[in-house]
Amino acid sequence: MHLNEVYGRVKSCFRWGPDYETSGRFEYWDTFTDQVRSGVQVKRDCDDFALTVLELGIADYGWDRDKCRVARVASELCP
């Protein structure tokens, strides 16, 4: 499944930052898959991290989209 590899690739490019700081919105979901592929550092939040792991796993590692799930949960701090 390569989960650890995908997670490590995304984590190596990730620095946590709140949506209001990175997108100007209170809540905003977006991926940074292209930046991970290029090795570029980005400042995003946990939602973006999870979505990027999922998208990269499906696109680059052949994960079965029908077997993948992302849950949205509230947390007090997510750095």
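Bear in mind the structure is a predicted one, so any value in this text is a computation, not a measurement. (Residues numbered from 1 in each chain as written. Predicted model: local features only at pLDDT ≥ 70, side-chain atom pairs only at ≥ 80, totals over all residues. Heavy atoms only, no water.)

1. Details of the environment of Cys-13
Counting through the fold element by element, Cys-13 comes out in the loop between helix 1 (3–12) and strand 1 (14–16). Here Cys-13 falls in the buried class, since its relative accessible area comes to 3%. Those residues in contact with Cys-13, other than ones at most four positions away along the chain, are Gln-35, Val-36, Gly-39, Val-40, Gln-41 and Val-42. (Helix = DSSP H or I, 4+ residues; strand = E, 2+ residues; numbered from the N terminus. Buried < 20%, exposed > 50% of the residue type's maximum accessible area, 1.4 Å probe, protein only. Contact = heavy atoms within 4.5 Å.)

2. Some words on the confidence of the model for the protein
When pLDDT is averaged along the protein, the result is 88; 87% of the residues meet or exceed 70. Ranking the elements of the protein by mean pLDDT puts helix 2 (residues 19–22) last with 91 and helix 3 (residues 33–38) first with 97. (pLDDT = per-residue confidence, 0-100.)

3. Side note on the pattern of salt bridges
Where charged atoms from two side chains of opposite charge come close, those side chains can pair. All told, the structure shown has five salt bridges when counted by the stated rule. Close ionic contact of Lys-43 with Glu-21 constitutes a salt bridge, the shortest N to O distance being 2.3 Å. In this pair, Lys-43 is assigned in strand 2 (residues 42–44) and Glu-21 in helix 2, connecting sequence segments 22 residues apart. A cluster of three or more residues bridged by salt bridges with shared partners is formed by Arg-9, Asp-34, Arg-37 and Asp-60. (Salt bridge = Lys/Arg side-chain N within 4 Å of Asp/Glu carboxyl O.)

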